[in-house]
Amino acid sequence: MNNNFEETDFLDKIEADTVIVEVIDNKTGKAFRRNLPIKYVETDNGIQLFGETIDGNPSQIAFYSDTAMTKISELLGNGPDAPRCNHKE
C-alpha cells in the first residue's frame, strides 16, 4: 500500500484509531503531548471522535462543519423560503 500522498491528492475521509493531543499549560507555558486511544473520523461534514467514558461506556462527540450545519438547518425547516433552483415546466 502506498501511503505517499501529494498535495494534489484529495482525501474525502480521514480515519485514525489514535489521536495526538498537544496542549500548552496556562500556568507554566510548557507544551505537553499525549497519544490517546480515540477513534478519529473526518469528512467534509466535520469531525467525529469515538472513545469511552470513565465507566467504560461508549461515547462520541461530533464537530460539524459550516456546510453540515447549513444542511441540518435546512432539513429542520430553517432554510430559505425559496427553492435552490428554478424549475421550468
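Figured I'd write up the structure that's included with this text.

Cut-offs applied
- Residues numbered from 1 in each chain as written.
- Predicted model: local features only at pLDDT ≥ 70, side-chain atom pairs only at ≥ 80, totals over all residues.
- Heavy atoms only, no water.
- Pairing = 2+ DSSP bridges.
- Helix = DSSP H or I, 4+ residues; strand = E, 2+ residues; numbered from the N terminus.

## As for the pairing of strand β4 (residues 39-43)
Part 1 of the reasoning: As defined by bridge partners, strand β1 (residues 14-16) adjoins β4 across three bridges and the pair is classed as antiparallel. The residue bridging A16 from the neighbouring strand is Y40, located in β4.
Part 2 of the reasoning: Here five bridges tie β4 to strand β5 (residues 46-52), and the two strands are oriented antiparallel to one another. Each bridged residue has a counterpart across the sheet, and for T43 the counterpart in β5 is G46.
Part 3 of the reasoning: Here β4 folds back onto β5 in antiparallel fashion, the turn holding two residues.

## What to know about the pairing of β5
Part 1 of the reasoning: Strand direction decides the pairing type here: β5 and strand β6 (residues 58-64), joined by seven bridges, are antiparallel. In the sheet register, I47 faces β6, and the bridge partner there is F63.
Part 2 of the reasoning: Hairpin remark: β5 followed by β6, antiparallel, with five residues in the connecting loop; positive phi at G56, about 90°.

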